[in-house]
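The primary structure of each chain is shown beneath.
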Amino acid sequence: MDWMTDSEEDERFEWDTSDEEEEMSKGNNQEGSSAPPISVSVPSQEFVEAGSSRSSLLLHFVGMGFSEDTVAKAIKDNGEGQPEVILETLLTYAAIEKSSLNSEQSPLDCSLEGEEDVLEDDDSDMSNFEDEGCTEKSSDKDMKLSMLVEMGFPLDEASSAIDRCGSTASVLELADSIHAAQLAAESVDIEGRNTSAPVPRSSFINGSSIKKKRNLLENQRLNRPVHGHKIKKLCSRQSEVNDEGFSSLLKIPMPMIGFSVPNQKTQLAHRKLPEAAIGPPYFYYENVALTPKGVWDTMSRFLYDIEPEFVDSKYFCAANRKRGYIHNLPIQNRFPLLPLQPRTIKEALPMTEKWWPAWDPRTQLNCLQTSISSAKNTERIRSTLVKSGDPPPERVRQYVINECKKWNLVWVGLHKVAPLEPDEIEMLLGFPKNHTRGGGISRTDRYKSLGNSFQVDTVAYHLSVLKNMFPNGINVLSLFSGIGGAEVALHRLGIHLKNVVSVELSEINRNIIRAWWEQTDQTGNLIELPDVQQLNGDKLAQMINSFGGFDLVIGGSPCNNLAGSNRLSRIGLEGKQSSLFYDYFRILDLVKNIMGKNI
DNA sequence: ATTAGGATGACTGGCTAG
DNA sequence: CTAGCCAGTCATCCTAAT
């Protein structure tokens, strides 16, 4: 969960610096790179030196599938000092060429024709993706993979790109896709300056020659370039014709109740899962609902075209928490955790009722986030109220209400507001009291870990269908476990946890889970691992063999680059932390493959 | 070294008036 | 249909205090 504290290293995408080797070997993907299912034997070292001589540079780009004249021209235009600029020029040529051929069959539109509105339709007909036309010849895939690796891309990124774009995508498109992802992730600076200082968004956009070129190609379309859209354009099955473009195809339904919530009358939808989505294993993926446009479309596309279920936890507790869930669980016969949580502030926090002024209309809290209001701020509010008499004038009321909503403040005395205590947040989120307390965790970190967590009652409601299906218990692979929301939810449902493999980067969070595990008298096995990126096929296969497969793969990947409150790096799914979504997908897909073979 | 404080908007969707 | 308004958001980084 603690994504902000790790990996300080600058991961600029550079072609010919001596950092390359170091990046590659210390980078996230080394271990994952050797992972099944695809093995490639291309440890391309010569690429590193390639920039030094013109002929090898030229050869390199020719090897990528560009024609010799084009490469020569691009080198001539740009000089040989900046291979990444050359590549961009080449890609630009190719894009122009491609757009002129666009009315014909593009290699990208592998399965759909005239089905642009598939996602808009009911969930029932999301099935027939991935069928004919997309059957992958593994040798072809391997070849592309090795070419990409030879071009200097990390193996797992190359593999992800192939998955993203389909196996019929050309190497060119794949390279572009990876490159775009890396650009988006790293606020790239072509000149190679130190970019550790935050780059203003506008200068990031306008300062990049790449983007200028792209923007020219994009026929103005966007005042607001979101990288996800570009990725989407490159990879989406809908990309070819549809000029009205990338507006989010997935609508978030209001009210945000998903397929069902307790005590709300809904005619329960029957949903038909796409073939590829059906387990085993069951899986459950979570992230913030209000992402930049197109993010949920992308995530849905990766997760076997399952329609996300958007649910606000305000139907389960006294706080809002708008989240999307992609899962392949049955949706009939859910039941909630008992006792039901109070759903108003005054019931959940009875001591506040006495002090709650009539002019504060809130009955529920806003989303519980990772940091709280300072003491100075609450004191400012108090003194303002003291000075302005009772009842305060409209202007003061507005100020106070705004602050209260922004910081989730509650009334704890006359004219006194205060942020929630950590144990109150634990309760609202459905954790046992003191779940995150002790063990050397600071107050600040408690807030952060809690703010990043599941709302247990909400998740448990969705998972409740497992109880009857697995009376003897389940094996769980829990990714991005955080403080163990999934584990707590399953435990509270009375589902026996046989083996839990919990992957969580933050040591303090792992300690919290370990402590909870030990104090709840679990009889199963808890295996804790630090890093999803280190979790490869070998390890998974070993674990699957040892306890016979996972019944549930559950996790919510980092939202840092998606969440609305992120001022600085809300750059979408390709952001540094949020791109770990692809590891969720990678691992889930590995588990499916490995288990598929064993069954 | 660790912790808390304080400053830092933008994107998105819903709503409504025109 | 559009423009304008409104509300809400699993955050980040630098600095000061402890």
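What counts, and at which threshold
- Residues numbered from 1 in each chain as written.
- Chains lettered and ligands numbered in written order.
- Predicted model: local features only at pLDDT ≥ 70, side-chain atom pairs only at ≥ 80, totals over all residues.
- Heavy atoms only, no water.
- UniProt positions renumbered as here; feature names shortened; annotations may be inferred.
- Helix = DSSP H or I, 4+ residues; strand = E, 2+ residues; numbered from the N terminus.
- Expected span 1.5 Å × (residues − 1).
- Buried < 20%, exposed > 50% of the residue type's maximum accessible area, 1.4 Å probe, protein only.
- Arc of directions from axis to C-beta.
- Contact = heavy atoms within 4.5 Å.
- Polar contact = N/O pair within 3.5 Å; in protein donor to acceptor, adjacent residues only side chain to side chain.
- Pairing = 2+ DSSP bridges.
- Axes fitted to C-alpha atoms, helices over the stretch in contact; angles between N-to-C directions.
- Near = heavy atom within 4 Å.
- Nonpolar A, V, L, I, M, F, W, Y, C, P; charged D, E, K, R; others polar.
- Phe/Tyr/Trp six-rings, centres within 6.5 Å; stacked < 30°, edge-to-face > 60°.
- Parallel < 35°, antiparallel > 145°, perpendicular 65-115°, else oblique.
- Left-handed = near helix turned anticlockwise from the far one by under 90°.

The name recorded for chain A in an unreviewed UniProt entry is DNA (cytosine-5-)-methyltransferase, from Dioscorea cayennensis subsp. rotundata. Listed under Sequence similarities (unreviewed entry) in UniProt, the entry text for chain A is "Belongs to the class I-like SAM-binding methyltransferase superfamily. C5-methyltransferase family."

**Some details on helix α16 (residues 394-407)**
For α16, with 14 residues, the first-to-last C-alpha span of 20 Å sits near the 20 Å given by 1.5 Å per residue. Of all the positions in α16, only V396, V400, I401, E403 and C404 are classed as buried. Axial view of α16: buried residues confined to an arc of 165 degrees, hence all on one face. For α16, the exposed residues lying more than 90 degrees away from the buried face are R395 and K406. Looking at the packing, one finds that the buried side of α16 touches α15 (375-387), β4 (410-413) and β5 (416-418).

**Remarks on the side chain of N566**
On the secondary structure map, N566 appears in the loop between β9 (552-556) and α24 (581-598). Here the side chain of N566 touches S569 through a polar contact of 3.0 Å, landing on its backbone nitrogen. For N566, the contacting residues outside a window of four places in its chain are N560 and N561.

**Looking at the sheet that holds strand β1 (residues 282-288)**
Pairing between sheet strands relies on hydrogen bonds along the backbone, with the strands arranged either parallel or antiparallel. Reading across the sheet, the 7 strands line up as β2-β3-β1-β9-β6-β7-β8 and stay open at both edges, with mixed pairing between neighbours. Two strands close off the open sheet at either side, each with one partner strand: β2 (309-312) and β8 (525-529). Within the sheet, the average angular offset between the axes of one strand and its neighbour, ignoring direction, is 20 degrees. Strand direction decides the pairing type here: strand β7 (residues 497-503) and β8, joined by 5 bridges, are parallel. Paired with V501 across the strands is I527, a residue of β8. Against the sheet, helix α19 (residues 456-463) makes contact with β1, β2, β3 (322-327) and β9, and its axis sits at roughly 150 degrees relative to β1, the strand it touches most.

**Focus: the protein's contact with DNA strand B**
Taken together, 18 residues sit near DNA strand B, with K293, S374, K376, T444 and G564 positioned nearest. A distance of 3.3 Å is found between a base oxygen of DNA strand B and a side-chain nitrogen or oxygen belonging to R567. Contact between DNA strand B and R570: a sugar or linking oxygen at 3.5 Å from a side-chain N or O atom of the residue. Broken down by secondary-structure element, the contributors of at least two residues to the surface near DNA strand B are α15 and α18 (443-451). Residue composition of the surface near DNA strand B, by class: 4 nonpolar, 7 polar and 7 charged.

**Describing the packing of aromatic side chains**
One pass over the full model with this rule turns up 16 aromatic pairs. Seen from their ring centres, Y284 and Y325 are 5.4 Å apart, and the 35 degrees between their planes marks the pair as tilted. Here Y284 is found in strand β1, whereas its partner Y325 is found in strand β3, with 41 residues between them in sequence. Each member of the pair, Y284 as well as Y325, carries the same accessibility label: buried. Taken together, F283, Y285, W296, F302, Y304, F310, F581, Y582, Y584 and F585 form an aromatic cluster joined through their ring pairs.

**Some words on the packing of helix α17 (residues 422-429) against α18**
Taken N-terminus to C-terminus, the directions of α17 and α18 make an angle of 15 degrees; their axes are 10 Å apart at the nearest point. As far as their axial angle goes, α18 and α17 are roughly parallel. Considering only the axes of α17 and α18, their crossing is left-handed. Across the interface between the two elements, P422, D423, I425, E426 and L429 of α17 pack against R443, R446, Y447 and L450 of α18. Its residues assigned to classes, the contact of α17 with α18 comprises 5 nonpolar, no polar and 4 charged.

**What to know about the packing of α19 against helix α21 (residues 485-492)**
Taken N-terminus to C-terminus, the directions of α19 and α21 make an angle of 60 degrees; their axes are 9 Å apart at the nearest point. With respect to α21, the element α19 is oriented oblique. The hand of the α19/α21 crossing is right-handed. Residues V456, D457, V459, A460 and L463 of α19 form the contact with α21, whose own contacting residues are G485, V488, A489, L490 and R492. Taken together, the residues that form the contact of α19 with α21 break down as 7 nonpolar, 1 polar and 2 charged.

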